[in-house]
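Understanding the architecture of this molecule
If you want the building blocks of each chain, they are given just below.
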There are 2 protein chains.
Amino acid sequence: MTYTTGAAEDYLKTIYSHTEWQGDLITPSALALRLGVAPSSVTEMVKKLATSGLITHVPYGPLALTDAGRLRATAVVRRHRLIETWLVGEMGYDWDQVHDEAEVLEHSISDRLLEAINARLGFPTHDPHGDPIPAADGTVLRPPASLLTDATVGQSGTVLRISDRDPAVLRELAADLIGPGTEFTLTAPFTIALADGQSRLISVAAAASIWVTAPD
Amino acid sequence: MTYTTGAAEDYLKTIYSHTEWQGDLITPSALALRLGVAPSSVTEMVKKLATSGLITHVPYGPLALTDAGRLRATAVVRRHRLIETWLVGEMGYDWDQVHDEAEVLEHSISDRLLEAINARLGFPTHDPHGDPIPAADGTVLRPPASLLTDATVGQSGTVLRISDRDPAVLRELAADLIGPGTEFTLTAPFTIALADGQSRLISVAAAASIWVTAPD
DNA sequence: CATCCGTTTTAGTCATACCGAAATCCTAGC
DNA sequence: GCTAGGATTTCGGTATGACTAAAACGGATG
Ligand SMILES: [Mn+2]
Ligand SMILES: [Mn+2]
Ligand SMILES: [Mn+2]
Ligand SMILES: [Mn+2]
């Protein structure tokens, strides 16, 4: 019933994250791939999550969070991102070093401690990677964004977020002083001009991790 | 081999804690009692811990930590107490509210984060309850202490630590402004006179939780 | 030397999270 | 419409961890 192991939370988070920037519902096979487990493992967990009223699932169809599931998922995401923000803001971590620690702590920190951290940080709205921190009620403020790899030459905009999946990418961009808020113009695939006129060559891996303001 | 689940850490911690102030080795039945599990459960865990080289155990005899086991145990205690100190010092917790949170986090926080917390706190030597924080190498500085219930009338001394087992006791003492460092003279079982001349009536439960400097 | 208490053995339970192989479903393309 | 092939589920397991009651055992004590 009140089934909330760390594994279940990770499934919920992954289901939620898939829709967060990609838009469409996730399929069991995509979920298996993302989590690095066999499809049959997904089927099993899906059964438990559906029984607990956290997702809906028509057999052979894609997965969708229920309201309860979305609330639980955003709660985990909220923890993850607040913890990351805290590690960078107060504990001396770099933005490429926070993910693993947050991945563990998001399952064990109490609500009370989380809110204490939140208050200390001054109720931040975004984590170090530019990801919005869901509110306690599950609300998320997320502006339209598109990948730098989908941008056209000449397009200008602002970096909104960097996927924190690949630490090497984060280090590359940190060295280039590129992060959320950076204003740019794409001058070639993938070279960008910064506001101060400097030019930066971006690796393909990095470009595929950078989400920017949607073009007009 | 490198067997370190949360449960195993709790067994090690409990074995260690028993010797910390009581002195003698713990027996399986005492351990079972303290942990709230059946004796057969202890036997099983003891087998695993012994196989992993963390404790020594002659059948039907008491339990003793090996050097490796003691190091692991003090490491967990160190985490527990640093976390408690941090919760009180920076996160607005009262000293009767930190135990449960520390009980969970002590198993999931990383060494790196622990050391960052330690540094922020200025490398404290004692937790909010007056318990010494073991060093990273397992060293513990612990002055001789005895229970207030064992003190004789007229005896003077300083409160060294309060057992954090019972939150109600902690709240009682906080209301009386009694804590580690409080100087006192025992005027009756259990009334103490404080340095400013004020007198305090101490409940039996509280007196049995207060450790004071050993009499000369 | 018998008794009895603490300890261990035995034989299980229960929960969680996996997996591969086989069966089944669904649909896109013919 | 039919069918092949890919996705999904079912089925039968494995593995681990933590726990238990009941029975057998051992050893110190009276
Ligand atoms: Mn992250
Ligand atoms: Mn992040
Ligand atoms: Mn404690
Ligand atoms: Mn303490």
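Right above here is the structure, for reference.
Thresholds applied
In this convention, every chain numbers its residues from 1, walking through the sequence in written order. Naming scheme: in the order in which they are written, chains are lettered from A and ligands are numbered from 1. pLDDT decides what is reported in this predicted model: residues at 70 or higher carry local features, side-chain atom pairs at 80 or more are listed and counted, and totals for whole chains, interfaces and linings draw on all residues regardless. To obtain the side-chain values, all non-hydrogen atoms of the structure were included, while hydrogens and water were left out. The rule is simple: put a 1 Å grid over the protein atoms alone, call a set of points where a 1.4 Å probe fits but cannot get out a cavity, call an open set with protein on both sides within 12 Å along at least five of seven lines a pocket, and count a residue as lining if it has an atom within 4 Å of a point. Grid points are joined across faces, edges and corners, and a volume is the space filled by probe spheres set on the points. Under the scheme applied here, ten amino acids are nonpolar (Ala, Val, Leu, Ile, Met, Phe, Trp, Tyr, Cys and Pro), four are charged (Asp, Glu, Lys and Arg), and all others, including Gly, are polar. Salt bridge, as used here: a side-chain nitrogen of Lys or Arg that lies within 4 Å of a carboxyl oxygen of Asp or Glu. The secondary structure listing takes helices from DSSP runs of H or I that are at least 4 residues long and strands from runs of E that are at least 2 residues long, numbered from the N terminus. Only protein chains enter the area calculation, which uses a 1.4 Å probe; residues under 20% of their type maximum are buried, those over 50% are exposed, and those in between are partly exposed. We call a residue near a molecule or strand whenever a single non-hydrogen atom of that residue lies within 4 Å of it. Nitrogen and oxygen atoms within 3.5 Å of one another constitute a polar contact, given that in protein one can donate a hydrogen and the other can accept it, and given that sequence-neighbouring residues count only through two side-chain atoms. The copies were overlaid by least squares, fitting only the C-alpha atoms of residues that reach a pLDDT of 70 or more in each copy. Here a residue-residue contact requires only that any non-hydrogen atoms of the pair lie within 4.5 Å. Using a 1.4 Å probe, buried area is obtained as the accessible area two parts lose upon being combined, added over both of them.

A complete count under the given rule lists 1 cavity of 30 Å³ or more for this structure. Roughly 50 Å³ of volume is contained in the largest cavity. Considering the residues around the largest cavity, the lining is formed by Trp86, Leu105, Ile109, Leu113 and Ile117 of chain A together with Trp86, Leu105, Ile109 and Leu113 of chain B. Among the residues forming the lining of the largest cavity, the class breakdown is 9 nonpolar, no polar and no charged.

So, on to the pattern of salt bridges. For the structure shown, the criterion picks out 24 salt bridges over all chains. Between Glu90 of chain A and Arg120 of chain B there is a salt bridge, with its nearest N and O atoms 4.0 Å apart. Note that Glu90 of chain A is positioned in helix α4 (residues 67-90) and Arg120 of chain B in helix α6 (residues 111-120), a pairing that runs across two chains. On the accessibility criterion, Arg120 of chain B (35% relative accessible area) is partly exposed. Arg171 of chain B is the partner of Asp96 of chain B in a salt bridge, and the nearest nitrogen-oxygen pair spans 2.8 Å. Residue Asp96 of chain B is located in the loop between α4 (67-90) and α5 (99-105), and its partner Arg171 of chain B is located in helix α7 (residues 167-175); the two are separated by 75 residues in the primary sequence. Residue classification places Arg171 of chain B among the partly exposed residues on the basis of a relative accessible area of 47%. One network of salt bridges, in which partners are shared, links Asp10, Lys13, Glu103 and Glu106 of chain A.

Bringing the protein's contact with DNA strand C into the picture now. As a structural note, the neighbourhood of DNA strand C is formed by 22 residues, with Tyr3, Thr5 and Ser41 of chain A together with Ser29 and His57 of chain B the closest of them. Looking at DNA strand C alone, sugar and phosphate atoms form 64% of those within 4 Å of the protein. In this structure, a phosphate oxygen belonging to DNA strand C sits 2.4 Å away from a side-chain N or O atom of Tyr3 of chain A. Take Ala38 of chain A: an N or O atom from its main chain is 2.7 Å from a phosphate oxygen of DNA strand C. Listing elements by their share of the surface near DNA strand C, those giving two or more residues are α1 (6-22) and α3 (39-51) of chain A together with α2 (28-35) and α3 (39-51) of chain B.

Let us look at the relation of the copies chain B and chain A. Two copies of one chain are present, and they are related through a rotation about an axis combined with an axial shift. Taken as rigid bodies, chain B and chain A are interconverted by a rotation of 180° and an axial shift of 0.0 Å, the fit giving an RMSD of 0.0 Å. Taken together, the turn and the small shift mark the pair as related by a two-fold rotation axis. Of the C-alpha atoms belonging to chain B, the one lying closest to the rotation axis is found on Ser108 of chain B, 3.7 Å away. Looking at chain B, 100% of its interface residues are interface residues in chain A too, so the copies touch through the same face.

Glancing now at the interface of chain B and chain A. Contacts between the two partners involve 18 residues from chain B, matched on the other side by 18 residues from chain A. Counting the surface lost from both chain B and chain A, the interface buries some 1600 Å², and carbon and sulfur atoms represent 58% of this. Between the two partners, chain B and chain A, sit 2 salt bridges. Run the count over chain B and chain A and you get 11 residue pairs in polar contact (both at pLDDT 80 or more). Contributing elements (two or more residues each) for the side of chain B that touches chain A: α4, α5 and α6 of chain B.

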